[in-house]
Amino acid sequence: MTQSKQRFFRRLAPLAGLLLFALVLAGLARVLAKTHFHQVVAAFQALPDKALLQALGLTLLSYLLLSGYDALALYHLGRRLPYPRVALTAFSAYALSHNVGPGLITGGSVRYRLYSVAGLTSSDIAAIIVLSAVGFGLGVTLMVALALLAEPSAFADVLHLRPPILQATGILLLLALAAYLLWIGYRRAPLRWRDWSFQPPSLRFSLAQLALSSVDLLLASAVLYVLLPPSLAVSYPALIGLYSIALTLGILSHVPGGLGVFEGSLFLLLPAAPVNELVASLLVFRGIYYLLPLGLMAVALAGYELSLRLRGVRQLSLWLARLLMRQAPLLLATLVFVAGAILLLTGALPAWPERLALLRGLVPLPALELSHLLTSVIGLGLLVVARGLHQRLDGAYLLALALLAASIVFALLRGLDYASAGVAAIALLALLPSRPLFYRRASLLREPFTAGWATAVLTVLLSTIWLGGFVYKHVEYSNELWWQFAFSGNASRFLRASLLVSVLTGAFALTRLLQPAAPQPTLPTKEQLNRALDIIQSESQDTHGHLALTGDKYLLFSPEQRGFLMYALQGNSWITLGGPVGQGGDELVWSFCELCDWHRARPVFYQIDAQALPLYIDLGMAVLKLGEEAQVPLATFSLQGRERRELRQAHRHAERAGASFELVQAEAVAELLPILQQISDDWLAAKHAAEKRFSIGFFQPDYLCRLPCALVRVNGEIVAFANVLMSAARRELSVDLMRYRRTAPRGMMDYLFVELMLWGQRQGFASFNLGMAPLAGMASHPLAPAWQRAGVLLFRHGEHFYNFEGLQAYKAKFAPRWYPKYLACPGSFDLPRVILDVATLIGGGLKGVLKR
């Protein structure tokens, strides 16, 4: 399948889920045709306190047990983490995935954010996600099979199948499960698909997974069981199977939290249930098992954010607060989204008559009507603003605070709606101490609105309209309803609010559709290259930005024109060279990712520094070590001492051969170009090499004429040259294009480097950058990631393609300090393609990949 088709199907899945959700709502409308809202309210009020307490206790046990999925997976991978950290991560992942779904996306992103901080690799985290999903599947299979065997009559009427057929299906499911366990018990070789491999777990581990997931489903279904009406004639074993089926359908639907799909499935699977009581039980179940854990996570986040400001508990809570900080934007965005959804959904419900009676003498009718309209509009606004919170926009943060504060006031004015006001207050309190997390200065309206997020918004709107239609179906429609204003006119308020929200949603969607597409990138003009050079000379702390001057890379400038990011295109990968140059680094990285999203491209960040990794982890990227960069401190550099003996000898040999060093300023390079061209051609012919691109410079006259040039003359003839790169404030000195004649004396590059370092030392430069040694510094331990072990093997035995080990040994002669360099890309599964794209880009094509 081509990449364009893969992207198409990924974007089609949320829309298919929305269509399925609409069909479920239509089915629910038929099921609830004879049920009235006041009957559901009465059933809700009739729920015994004992059942609510039991449901709360079982929910607590269920979420504690969920941490076992991650703990088992870590045990299988041979990783050891403190249990509180594992429990926090699992609770956070499941609290989000239960409400947002699907778990592989939301829960996976939370796990990546938290576990990567603890030192786990992207491959480890992917394995945890896969193993957890497999464990859940094992439990569902077993529970459904046992339910079909134990209670076939409970499924017979629903599925229109005879009990013997259902029992046979249960036996087949058990046989399939047994076959999987036998296969696991005998297979030792890893599973392979293309460049991806996975070591299947052991039989003992799979049995532990099966037991854990079975108990998990027993507890989760027990939460629903204690809330069901006593008049419902369904046994607990049968409910386990029905719950497992409905839960699986909700997950597969891609509807956020399985909302409506899970409930609709249970309505279909329990046709004999009293509808009004079942509706009340399902609403309470979703509130206790889904929304309550999400609220607890928000309270925990706010508490730990505040605890950082208290001296007495600062050290005790610092590590946990850092973990929460990693997932805070996603969690806060989810909480704000839920608050907006609740505002909209409760707006479709009639206000309590006794509360309206209290307001009648205090609030004028126009204020009540306006409050109802504004609360619904604010609910829609929170759904949209939540997207900006997820992207860490400062404007979204301020707007969310204003909307939440206003929603509390209007929710109380529209009918003393304590529930909606309370949820909004929790979201507001969680946001208040989190200001540093939202640092991006970008327009909310210019941000890409993904298909998944749009589907979530439309799901809430469809739910609101459907709920209002159900609640007020006993009210006969007439045109006068639109113009009726009365304290008891709940139906009229719902109609007006629904129309206004629908119009605003349509206008927002139309604005997004008519927004001009992002222009295709174009290579920089001469003026843009001059601007880039100004930024390098005045703002940059290192020298890698000079490679933008080759003119073969696209440039993305910051809004203030004080920083830029350079990148190139290869296939579907848009690959940056290093991080941002100059000011506005974080915003440039986010802008680049959004630009890639507009063009449906894969963002790749090549040769980024270790100190920038938290930003790329926040973007949900997989981070992999490429090698190490050699930096020579110039303040202590000299040719004295035993360790510099080889350099000293090479330098003296060149001097005896008549070598002399000269630094030519940029304006004098043009007249030397014919000689430099001859030297370059001779060097390429001697090396049997073609010009490389992207990460290193190539012989290009305009590029060379913008920079100073170091020359080596032997008896007056130029035999070697290198263009010289200098950062702002004399922090770093380096070279890029290094060429010499075949007739040059031995040790010519050593001589050139030494002379440049000594010159830089006299000029007050802090360090000399010798560039990166690819694959250096990677771990060869058996527990190291497969990517690093493969890198070590290539480093030691890959000289046929590139002299990796020799390159590191050469740079080590200068006694440098080594700093790691990394690659960041959207996910581990894209890594083989990303590596090929980077290599092709640097080599100037596939042929260049195989040339030294």
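Only a predicted model underlies this, so the values are computations on that prediction, with no experimental measurement involved.

## A word on the overall build of the chain
And step 1. Helix and strand counts for the chain come out as 30 helices and 14 strands.
And step 2. Each of the 852 residues in the chain was classed as buried or not, and the buried ones make up 53%.
And step 3. In the chain, 74% of the contacts between residues at least 6 apart in sequence involve partners at least 24 apart.

## Here we look at unusual backbone geometry
And step 1. Residues other than glycine seldom take positive phi values, yet A729 does so here, at roughly 60°.
And step 2. As for its placement among the helices and strands, A729 is situated in the loop between β11 (717-726) and β12 (732-740).
And step 3. Of note, R730 is a non-glycine position whose phi angle comes to about 55°, a positive value.
And step 4. Here R730 falls in the partly exposed class, since its relative accessible area comes to 40%.

## So, the pairing of strand β4 (residues 563-570)
And step 1. A large share of β4 lies buried, amounting to 6 of its 8 residues.
And step 2. Note: strand β3 (residues 554-557) against β4, 4 bridges, orientation antiparallel. For L555, the partnering residue across the bridge sits in β4 and is M566.
And step 3. The turn linking β3 back onto β4 is made up of 5 residues, and Q561 within it adopts a positive phi angle of 60°.
And step 4. In the sheet, β4 pairs with strand β6 (residues 581-582) via 2 bridges, with the strands oriented antiparallel. Residue pairing across strands places G563 opposite G582, the latter belonging to β6.
And step 5. With 4 bridges connecting them, β4 and strand β5 (residues 573-577) associate as antiparallel partners.

## Remarks on empty space enclosed by the protein
And step 1. Throughout the structure, instances matching the rule amount to 1 cavity of 30 Å³ or more.
And step 2. Here the largest cavity defines a volume of roughly 100 Å³.
And step 3. Looking at the lining of the largest cavity residue by residue, the class counts come to 7 nonpolar, 5 polar and no charged.

## Things to note about the packing of helix α23 (residues 645-656) against helix α26 (residues 748-763)
And step 1. Packing of α23 against α26 brings their axes to within 8 Å, and their N-to-C directions diverge by 100°. Here α23 is positioned roughly perpendicular relative to α26, judged by the angle of their axes. Contacts from L647, A650, H651, A654 and E655 in α23 reach D750, Y751, V754 and E755 in α26.

## A word on the confidence of the model for the chain
Caution is warranted with low-pLDDT regions, since their predicted coordinates should not be read in detail.
And step 1. Per-residue confidence for the chain gives a mean pLDDT of 78; residues scoring 70 or more make up 78%.
And step 2. Confidence drops under pLDDT 50 across residues 1-7; counting only partners more than four residues distant or on other chains, this segment forms 7 contacts.
And step 3. The model gives residues 308-324 a pLDDT under 50, and that stretch makes 22 contacts with residues more than four places away or in other chains.

## Describing helix α15 (residues 365-390)
And step 1. Between its first and last C-alpha atoms α15 spans 38 Å; for 26 residues at 1.5 Å apiece the expected length is 38 Å, and the two agree.
And step 2. The sharpest bend along α15 reaches about 25° and sits at V384.

## A short note on the packing of helix α3 (residues 49-77) against helix α9 (residues 203-227)
The packing of two helices is summarised by the inter-axis angle and the distance between the axes.
And step 1. At a closest axis distance of 9 Å, the pairing of α3 and α9 adopts a crossing angle of 165°. In terms of orientation, α3 lies roughly antiparallel with respect to α9. Two packed elements cross with a definite hand, and for α3 against α9 that hand is left-handed.
And step 2. Grouping the constituent residues of the contact of α3 with α9 by class yields 20 nonpolar, 7 polar and 1 charged.

## Quick look at the pattern of salt bridges
And step 1. What the rule picks out here adds up to 14 salt bridges.
And step 2. For E539, the salt bridge identified is with R562, shortest N-O distance 3.0 Å. With E539 in helix α20 (residues 526-539) and R562 in the loop between β3 and β4, the pair connects residues that are 23 residues apart, well separated along the chain.
And step 3. Residue classification places E539 among the buried residues on the basis of a relative accessible area of 17%.
And step 4. When its relative accessible area of 40% is taken as the criterion, R562 is described as partly exposed.
And step 5. Put simply, E369, R493 and R496 are held in one network by salt bridges that share partners.

## Some details on the environment of L481
And step 1. Mapped onto the secondary structure, L481 falls in the loop between α18 (451-471) and α19 (490-514).
And step 2. Each residue touching L481, except ones within four places of it in the same chain, is listed here: V475, E476, S492, L495 and R496.

## Overview of the packing of aromatic side chains
And step 1. Within the structure shown, the criterion is met by 21 aromatic pairs.
And step 2. Consider the rings of Y63 and Y289, whose centres lie 5.3 Å apart with planes at 50°: the pair is tilted. Highlighted residues: Y63 in helix α3 and Y289 in helix α12 (residues 275-307), separated in sequence by 226 residues.
And step 3. Taking the centre distance of 6.2 Å and the plane angle of 90° together, the rings of Y243 and F285 count as edge-to-face. Residue Y243 is found in helix α10 (residues 236-252), and its partner F285 is found in helix α12; the two are separated by 42 residues along the sequence.
And step 4. Here the aromatic cluster, defined as three or more aromatic residues joined through ring pairs, consists of Y554, Y567, W574, F592, F605 and Y616.

## Description of a nonpolar patch on the surface
And step 1. Nonpolar side chains collect at one region of the surface, where L53, L56, L292 and L296 lie side by side and expose about 360 Å² of accessible area between them.
And step 2. For the nonpolar patch, the secondary structure elements donating two or more residues are α3 and α12.
And step 3. If you trace the backbone, L53 turns up in helix α3.

## Concerning the state of the cysteines
And step 1. Inspection of the entire model under this criterion finds 0 disulfides.
And step 2. Here C596 is not disulfide-linked; the sulfur of C593 is the nearest cysteine sulfur, at 6.3 Å.
And step 3. On the accessibility criterion, C596 (0% relative accessible area) is buried.

## Topic: the nonpolar core
Nonpolar side chains tend to gather and get buried jointly when the protein is soluble and globular.
And step 1. With 78 residues, the main nonpolar core has Y115, L224, V234, Y243, F262, F285 and Y289 as its most contacted residues.
And step 2. Beyond its immediate stretch of four places on either side in the chain, Y115 contacts D70, L74, L81, V86, T89, L120, I125 and I128.
And step 3. L404, I408, V457 and V460 belong to the second largest nonpolar core, which has 40 residues in total.

## Structural notes on helix α21 (residues 585-598)
And step 1. With 14 residues, α21 should cover 20 Å at 1.5 Å per step; its first-to-last C-alpha distance of 20 Å lies within 8% of that length.
And step 2. Among all positions of α21, only E587, L588, V589, W590, F592, C593, E594, L595 and C596 are buried.
And step 3. Elements that come into contact with the buried residues of α21 comprise α15, β3, β4, β5, β7 (602-609) and α22 (613-618).
And step 4. Positive phi appears at R600, one or two residues downstream of α21, with a value of about 55°.

## Some words on the environment of R286
And step 1. Counting through the fold element by element, R286 comes out in helix α12.
And step 2. C-alpha separation for the pair R286 and H98, spaced 188 residues apart in sequence, amounts to 9.7 Å.

## Comments concerning the pairing of β5
In the case of a regular strand, side chains alternate between the two sheet surfaces.
And step 1. Burial analysis of β5 places 5 of its 5 residues in the buried class, the great majority of the element.
And step 2. Side chains S573, I575 and L577 of β5 all project onto a buried face; the interleaved residues W574 and T576 project onto the opposite face, where all are buried too.
And step 3. In sequence, β4 turns back onto β5 through a hairpin of 2 residues, with G571 there showing a positive phi of about 60°.
And step 4. Pairing of β5 with β7, which is carried by 5 bridges, proceeds in the parallel orientation. In the strand pairing of β7, T576 is matched with F605.

Conventions and cut-offs
- Residues numbered from 1 in each chain as written.
- Predicted model: local features only at pLDDT ≥ 70, side-chain atom pairs only at ≥ 80, totals over all residues.
- Heavy atoms only, no water.
- Helix = DSSP H or I, 4+ residues; strand = E, 2+ residues; numbered from the N terminus.
- Buried < 20%, exposed > 50% of the residue type's maximum accessible area, 1.4 Å probe, protein only.
- Contact = heavy atoms within 4.5 Å.
- Pairing = 2+ DSSP bridges.
- 1 Å grid on protein atoms, 1.4 Å probe; cavity = no way out; pocket = protein on both sides within 12 Å on 5 of 7 lines; lining within 4 Å.
- Points joined across faces, edges and corners; volume = space filled by probe spheres on them.
- Nonpolar A, V, L, I, M, F, W, Y, C, P; charged D, E, K, R; others polar.
- Axes fitted to C-alpha atoms, helices over the stretch in contact; angles between N-to-C directions.
- Parallel < 35°, antiparallel > 145°, perpendicular 65-115°, else oblique.
- pLDDT = per-residue confidence, 0-100.
- Expected span 1.5 Å × (residues − 1).
- Bend = angle between axes of the 7 residues up to and from the residue.
- Left-handed = near helix turned anticlockwise from the far one by under 90°.
- Salt bridge = Lys/Arg side-chain N within 4 Å of Asp/Glu carboxyl O.
- Phe/Tyr/Trp six-rings, centres within 6.5 Å; stacked < 30°, edge-to-face > 60°.
- Patch = residues over 30% accessible without salt bridge, like charges linked within 9 Å, V, L, I, M, F, W, Y side chains within 5 Å.
- Areas by Shrake-Rupley, 256 points an atom, 1.4 Å probe, with all protein chains shown as cover.
- Disulfide = S-S within 2.5 Å.
- Core = buried A, V, L, I, M, F, W, Y, C linked by side-chain atoms within 4.5 Å.

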